[in-house]
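One letter stands for each residue in the lines below.
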Amino acid sequence: MEIRFRTLFARNSIPCYLLDEYRTSSVCPDCHGCVKKNIGRRLSPRPWQARKGRMEYVHGLVGCPNPECINQDWTPFEIPGRQPLRLRMKVHNRDVLSTKNFLSIVRSVVLGNGRRPDAFSR
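Attention in this report is confined to the structure presented alongside it. (Residues numbered from 1 in each chain as written. Predicted model: local features only at pLDDT ≥ 70, side-chain atom pairs only at ≥ 80, totals over all residues. Heavy atoms only, no water.)

## Topic: the overall build of the protein
And then number 1: Looking only at helices and strands, one finds four helices and four strands in the protein.
And then number 2: The secondary structure elements of the protein, listed N-terminal to C-terminal, are α-β-α-β-β-α-β-α.
And then number 3: Taking all 122 residues of the protein together, the buried fraction comes to 25%.
And then number 4: The contacts of the protein with a sequence gap of at least 6 include a subset with a gap of at least 24, amounting to 57%.
And then number 5: With the model as given, the accessible surface of the protein reaches about 9200 Å², and the carbon-plus-sulfur share is 52%. (Helix = DSSP H or I, 4+ residues; strand = E, 2+ residues; numbered from the N terminus. Buried < 20%, exposed > 50% of the residue type's maximum accessible area, 1.4 Å probe, protein only. Contact = heavy atoms within 4.5 Å. Areas by Shrake-Rupley, 256 points an atom, 1.4 Å probe, with all protein chains shown as cover.)

This is the structure we're talking about:
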C-alpha cells in the first residue's frame, strides 16, 4: 500500500507546507524582475538535423537583463567552440531559479512579515 508523503508527515507530526509555484520560474531571485527566455541557441542534438545546420533554443536557460543584477555577479554566457554571445545578462538555469525563489518565499513567510513577496503574488 502506497503511503503519500503528506499523510506520512501528518502521522509523524512533521509540519508540511504547500507552496504555490506562481511565477517562480519567470522572476529573477535577486532583483525580482522578469527574466528573458530563449537566450541561447545551439546546434541540434539530432544528427540528421545537425548535418543540415539546424539551430535550436536551449530549453531551461533564462537570463536577467537588469543592470543591477549584471553588476552584482556577471558571468559571460559562452558556448565552447563558438563566437561568444554579446549578451550582458545574468544567466540562470530555470530549475535553480525556481528553487531560489521557493527559498525566498519561505524566508519571507517564516522569518519576514508572514506573507509572500509581491513579485510572486497573484
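Once the structure has been displayed, the description carries forward.
## Details of helix 4 (residues 94-110)
And then number 1: If you check helix 4, its first and last C-alpha atoms are 24 Å apart, about what 17 residues at 1.5 Å a residue would give, namely 24 Å.
And then number 2: In the core, the buried residues of helix 4 are packed alongside strand 3 (61-64) and strand 4 (90-93).
And then number 3: Where helix 4 starts, the residue carrying a side-chain oxygen 2.9 Å from the main-chain nitrogen of aspartate 95 turns out to be asparagine 93. (Expected span 1.5 Å × (residues − 1). Polar contact = N/O pair within 3.5 Å; in protein donor to acceptor, adjacent residues only side chain to side chain.)

## Thoughts on the pattern of salt bridges
And then number 1: Inspection of the entire model under this criterion finds six salt bridges.
And then number 2: Between lysine 90 and aspartate 30 there is a salt bridge whose closest N-O contact spans 2.5 Å. You can see lysine 90 sitting in strand 4 and its partner aspartate 30 sitting in the loop between helix 1 (5-11) and strand 1 (41-43), a full 60 residues away along the chain.
And then number 3: Classification of lysine 90 by relative accessible area gives buried; the value is 10%.
And then number 4: Shared partners join several salt bridges into a network, and the residues in it are Arg42, Arg46, Arg54 and Glu56. (Salt bridge = Lys/Arg side-chain N within 4 Å of Asp/Glu carboxyl O.)

## A look at a nonpolar patch on the surface
And then number 1: Together, Leu19, Val106, Val109, Val110 and Leu111 make up an exposed nonpolar region whose accessible area comes to about 450 Å².
And then number 2: Structurally, the position occupied by valine 106 is in helix 4. (Patch = residues over 30% accessible without salt bridge, like charges linked within 9 Å, V, L, I, M, F, W, Y side chains within 5 Å.)

## Observations regarding the pairing of strand 3
Along any regular strand the residues' side chains alternate between the sheet's two faces.
And then number 1: The alternating pattern of strand 3 places Leu61 and Gly63 and Val62 and Cys64 on opposite faces, both of which are buried.
And then number 2: The sheet contact formed by strand 3 and strand 4 spans four bridges and is antiparallel. Looking across to strand 4, one finds that cysteine 64 is bridged to lysine 90. (Pairing = 2+ DSSP bridges.)

## What about the packing of aromatic side chains?
And then number 1: What the rule picks out here adds up to one aromatic pair.
And then number 2: Judged by centre distance (6.2 Å) and plane angle (40 degrees), the rings of phenylalanine 5 and phenylalanine 9 are tilted. Taken together, the residues phenylalanine 5 and phenylalanine 9, both in helix 1 and four residues apart, mark about one turn of the helix.
And then number 3: Residue phenylalanine 5 is classed as exposed on the basis of its relative accessible area, which comes to 61%. (Phe/Tyr/Trp six-rings, centres within 6.5 Å; stacked < 30°, edge-to-face > 60°.)

## Some words on the side chain of glutamine 49
And then number 1: Assignment of secondary structure puts glutamine 49 in helix 2 (residues 47-51).
And then number 2: Apart from residues lying up to four places away in sequence, glutamine 49 is in contact with Ser44 and Arg54.

## Here's the deal with the side chain of serine 108
And then number 1: Looking at the element boundaries, serine 108 is found in helix 4.
And then number 2: Here serine 108 falls in the buried class, since its relative accessible area comes to 16%.
And then number 3: What serine 108 contacts, discounting residues up to four positions off in sequence, is Asn113, Gly114, Arg115, Arg116 and Pro117.

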